[in-house]
Amino acid sequence: MKKKIAILISGRGSNMKTIIKNVEDSILKELCEVMVVFSNKKDAPGLEIAKSLGISTKVIESKGKKRSTYNKLLFDYLDELNPDYIILAGYMKIISSDVVQRFRNRIINIHPADTALHQGLHGYEWAFENKMESTKITVHFVDEELDTGKVIAKREVDISDCGTIEEVEQKGLKVEHQFYSECLKKILTTEHTESTENG
Ligand code: GAR
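Computed from a predicted model, the values in this text were never measured in an experiment.

S.K.: Residues and numbers for the site of the ligand, please.
M.R.: Among the 13 residues in the neighbourhood of the ligand, the closest are listed as Arg-12, Gly-13, Ser-14, Asn-15 and Glu-176. Within the backbone of Gly-13, one N or O atom sits 2.8 Å away from an oxygen atom of the ligand. Within the side chain of His-111, one N or O atom sits 3.3 Å away from a nitrogen atom of the ligand. Protein burial of the ligand: of its 450 Å² of free accessible surface, 92% is covered by the chains.

S.K.: Provide a residue-level description of the pattern of salt bridges, including the pertinent values.
M.R.: Applying the stated criterion across every chain yields a total of 8 salt bridges. Where Lys-51 meets Glu-48, a salt bridge forms, and the shortest distance between an N and an O atom there is 3.4 Å. With a gap of 3 residues between them, Lys-51 and Glu-48 both fall in helix H2 (residues 45-52), about one helical turn apart. Residue class for Lys-51 comes out partly exposed when judged on its relative accessible area of 45%. On the accessibility criterion, Glu-48 (51% relative accessible area) is exposed. Where Glu-182 meets Arg-155, a salt bridge forms, and the shortest distance between an N and an O atom there is 2.9 Å. Of this pair, Glu-182 sits in helix H6 (residues 165-197) while Arg-155 is found in strand E7 (residues 151-158), placing the two residues 27 residues apart along the sequence.

S.K.: Pulling in residues and values, what's your account of the side chain of His-140?
M.R.: The residue His-140 is located in strand E6 (residues 134-141) in this model. A relative accessible area of 1% places His-140 in the buried class. With sequence-adjacent residues up to four places away left out, His-140 is seen in contact with Ile-107, Ile-108, Asn-109, His-111, Thr-115, Asp-147, Gly-149, Lys-150, Val-151 and Ile-152.

S.K.: Which residues make up the side chain of Asn-15, and what values go with them?
M.R.: Along the chain, the position of Asn-15 falls in helix H1 (residues 14-25). Residue Asn-15 is classed as buried on the basis of its relative accessible area, which comes to 8%. In terms of polar contacts, Asn-15 uses its side chain to reach the side chain of Glu-176, at 2.9 Å.

S.K.: Any chance you could break down empty space enclosed by the protein for me, citing the residues and the numbers?
M.R.: What the rule picks out here adds up to 1 cavity of 30 Å³ or more. When its volume is computed, the largest cavity comes out at roughly 40 Å³. In terms of lining residues, the largest cavity is bounded by Ile-5, Leu-28, Cys-32, Tyr-85, Ile-87, Ile-108, Leu-184, Ile-187 and Leu-188. Elements with a minimum of two residues in the lining of the largest cavity: strand E4 (85-88) and H6. Sort the elements by how many residues they give to the lining of the largest cavity and H6 lands first, with 3 residues.

Cut-off values and rules
- Residues numbered from 1 in each chain as written.
- Predicted model: local features only at pLDDT ≥ 70, side-chain atom pairs only at ≥ 80, totals over all residues.
- Heavy atoms only, no water.
- Near = heavy atom within 4 Å.
- Polar contact = N/O pair within 3.5 Å; in protein donor to acceptor, adjacent residues only side chain to side chain.
- Areas by Shrake-Rupley, 256 points an atom, 1.4 Å probe, with all protein chains shown as cover.
- Salt bridge = Lys/Arg side-chain N within 4 Å of Asp/Glu carboxyl O.
- Helix = DSSP H or I, 4+ residues; strand = E, 2+ residues; numbered from the N terminus.
- Buried < 20%, exposed > 50% of the residue type's maximum accessible area, 1.4 Å probe, protein only.
- Contact = heavy atoms within 4.5 Å.
- 1 Å grid on protein atoms, 1.4 Å probe; cavity = no way out; pocket = protein on both sides within 12 Å on 5 of 7 lines; lining within 4 Å.
- Points joined across faces, edges and corners; volume = space filled by probe spheres on them.

Scope: geometric values only; no functional claims are made or implied.
Structure follows, in structure tokens:
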């Protein structure tokens, strides 16, 4: 049976767009359906992209709310929605521990750096400023701490030929787009096989 996924964004949504496309007609087809694209920012450009692709959207503004108020509203929304997986795609808020507990091992994030070396925002800037030869994009489960959850896979990107941060980001994002869906496929297929084996 197809898994139901909710994609959480805060901005541009280029990873989200690729995932939706891959659900429509490529490697994620038949494996899952996108229930909703959620954003904590009402002006996130990704929301319009999602709508144009026929996907429902939902906004709960985090700005102007106490963190606990926002977290409670988000928990209640996700609890009611009850997706099989929550896919973070440039979602720039920390997931609260009650959401982590409710969806243990079912919240997945993509991070533009090796989570063992860099956590939080600005992963590409970090790699560029530290003159790194390469960066390792990491897809991981989300736990209670920031970017410490179990790693699903890492993919190294050579950035030694990049002269600007824009080049680093462009090159990295291109890899992210393909890599994220590959990882999601792996997770969804493993689950799928297991549930088949279990009858
Ligand atoms: C991506 O580079 C993603 O890896 C990063 O935000 C960008 C979102 O781009 N995520 C993080 O830094 C999470 N710590 P997108 O909105 O175009 O997908």
